[in-house]
Amino acid sequence: MEIVSDIPHQEDCSRLIFECSGHKVEPKMAAELWVKILQHKWVLSEKLGRDVGTSVACLDFIENIETMHQDLHDAEGIQLLKELEAQMVDQSVWETISESQPPKQIVNKRIILPLTAVELARKHSVIPPRTIIFFGPPGTGKTHFVRAIAGILQWWYVEVSPSDLMADGEDRLGANLKTLMEKARNLDEVVFFIDEFEEIAGSRDHASRIDKSITNEFLKQVPLLKREGRRNLLVCATNYIRQLDAALLRPGRFDCIIPVGGLDDQGRRTIFEHYLSNTNRGNVDVDKIVSMIALFTPADIEYLVQKVRQVAFEREYLKGEDYPVTTETFLEMIPHVPPTLTDEIIEEFKQDCAHYTRY
Ligand SMILES: Nc1ncnc2c1ncn2[C@@H]1O[C@H](COP(=O)(O)OP(=O)(O)O)[C@@H](O)[C@H]1O
Ligand SMILES: [Mg+2]
């Protein structure tokens, strides 16, 4: 994919830059700058979540040219980020996760702080982790967490699923994984997220679907990635930590293995209130509802609120009068949403936490 297609003539570049910024630049230099301005336009648009337009990009580029983060303007890096469909996540996603949730505290102390309080971390020889595994039952918010981390750090978010890596055939998985990790090594300020990690790094003892060589390839790539002195994170998520190859879980490969799940009342309340805030609501007894959804994952809570909104919409459509959602609407719908968690899943998760957690 070509990101810079039609470059105007040198004189036109010079004129365009003058029109946008009021700066006169030599034509030859202008043509070189114009390429960078177009790249900057893409970066800025991604960061702000909207198309900023050429004039704004030009002005911003010229004004900040001195202080600009050099590597972001490295054409190869930008090309790579585009290929990987890198996204910028809004910082506000972090706020949707309750402070009381243990993984948030862990992530904050072990990952965010050492990466932001750089000097203090250096003083105490604290090395920020580079490779992390999140595990926990489905729908507990692992993907959401990884996006939140990218958002709060304002790093690029690149999501890879095993099916992407197998898009051109299962036998290409190893080669594609290697290519991806080689690219990862060359980028800064990126959170790489590999979802459904057990599909890639399943136990070598029970290797069936996927050849053992894939796990071996991964084991080879992780230390290489960590050797480069870059600021980036590799995060892998799995619903089935028990299926991962034991060799991967040994210290030295992944720096942190963090459980995501088992919300407390406060965690459920924060998520519930988050979704409730965009709902046409009347009187809702939040405490009561939260106490009734103890086995709900964040995904279940989201689904419950969606169902309630749909009902409200249909009722107002039929009657033609305002239908605010109330406690009763929730009480009516809760029985229609079977919770994902069961006592058995929770028990297994507790065992996994005791056995695998490391940070
Ligand atoms: N703290 C949270 N606040 C709001 N929504 C959340 C939160 N955690 C998860 N969700 C939502 O719940 C759903 C499931 O979360 P997800 O991260 O996909 O779970 P997992 O990756 O563990 O299966 C997603 O739609 C996500 O946006
Ligand atoms: Mg997920």
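The rules behind each value
Residues numbered from 1 in each chain as written. Chains lettered and ligands numbered in written order. Predicted model: local features only at pLDDT ≥ 70, side-chain atom pairs only at ≥ 80, totals over all residues. Heavy atoms only, no water. Helix = DSSP H or I, 4+ residues; strand = E, 2+ residues; numbered from the N terminus. Buried < 20%, exposed > 50% of the residue type's maximum accessible area, 1.4 Å probe, protein only. Contact = heavy atoms within 4.5 Å. Lys, Arg positive; Asp, Glu negative; His and termini not counted. Charge placed at Lys NZ, Arg CZ, Asp CG, Glu CD. Expected span 1.5 Å × (residues − 1). Domains from an automatic or database assignment. Buried area = accessible area lost by both parts, 1.4 Å probe. Salt bridge = Lys/Arg side-chain N within 4 Å of Asp/Glu carboxyl O. Polar contact = N/O pair within 3.5 Å; in protein donor to acceptor, adjacent residues only side chain to side chain. Nonpolar A, V, L, I, M, F, W, Y, C, P; charged D, E, K, R; others polar. Disulfide = S-S within 2.5 Å. Pairing = 2+ DSSP bridges. Axes fitted to C-alpha atoms, helices over the stretch in contact; angles between N-to-C directions.

A.B. asks: How would you summarise the overall build of the chain if you had to cite specific residues and measurements?
C.D. replies: A count of helices and strands for the chain gives 16 helices and six strands. Expressed as lengths along the three principal axes of its C-alpha atoms, the size of the chain is roughly 70 × 60 × 50 Å. Relative to its 359 residues, the chain shows a buried fraction of 45%. When contacts within the chain are restricted to residue pairs at least 6 apart in sequence, long-range pairs at least 24 apart make up 75% of them. Averaging the positions of the 41 positive and the 57 negative side-chain charges in the chain gives two centres separated by 6 Å.

A.B. asks: Lay out helix α16 (residues 343–356) in plain terms, naming residues and giving numbers.
C.D. replies: Here α16 spans 20 Å end to end across 14 residues, near enough to the 20 Å set by a 1.5 Å rise per residue. As for α16, its buried residues are in contact with β2 (131–135), α11 (246–249) and β6 (256–259).

A.B. asks: Please set out the domain arrangement of the chain residue by residue, giving values where relevant.
C.D. replies: Segmentation of the chain into domains returns domain 1 (10–71), domain 2 (87–260) and domain 3 (265–340). The partner domain 2 presents five residues to the six residues of domain 1 that form the contact. Of the roughly 420 Å² buried between domain 1 and domain 2, counting both surfaces, carbon and sulfur atoms make up 63%. Our enumeration of links across domain 1 and domain 2 arrives at zero salt bridges. Put simply, domain 1 and domain 2 have zero residue pairs in polar contact (both at pLDDT 80 or more) between them. Tallied by class, the residues present in the side of domain 1 that touches domain 2 amount to two nonpolar, one polar and three charged.

A.B. asks: Residue-level account of the state of the cysteines, with values.
C.D. replies: By the definition in use, this model includes zero disulfides. For the unlinked cysteine C58, the closest cysteine sulfur is that of C20, found at 4.2 Å. C58 gets classed as buried once you look at its relative accessible area, which sits at 0%. Free cysteine: C236, not disulfide-bonded; nearest cysteine sulfur from C256 at 12 Å. For C236, a relative accessible area of 0% corresponds to the buried category.

A.B. asks: How would you explain the sheet that holds strand β3 (residues 156–160) if you had to name every residue and give the values?
C.D. replies: The strand order across the open sheet built from six strands is β1-β3-β4-β5-β2-β6, with neighbouring strands paired in mixed fashion. With partners counted over all chains shown, the strands left at the sheet margins are β1 (87–88) and β6, one partner each. In this sheet, β3 lies alongside β1 in antiparallel orientation, the contact comprising two bridges. Across the sheet, residue Q87 finds its bridge partner in β3, namely Y157. Across the sheet, helix α7 (residues 142–153) touches β1, β2, β3, β4 (190–194) and β5 (232–238), and the angle it forms with β3 is around 155 degrees.

A.B. asks: Tell me about the environment of G262, residues and numbers included.
C.D. replies: Mapped onto the elements, G262 comes out in the loop between β6 and α12 (265–276). We classify G262 as exposed; its relative accessible area is 52%. Sequence separation between G262 and F349 is 87 residues; the distance between their C-alpha atoms is 8.3 Å.

A.B. asks: Go over the pairing of β5, please, and point to the residues and values.
C.D. replies: Where burial is concerned, most of β5 is hidden: seven out of the seven residues are buried. Going residue by residue along β5, you find N232, L234, C236 and T238 tucked away on one face and L233, V235 and A237 tucked away on the opposite face as well. Across five bridges, the pairing between β2 and β5 is parallel. Directly across from T131, in β5, lies its bridge partner L234. When β4 meets β5, the two strands line up parallel, connected through five bridges.

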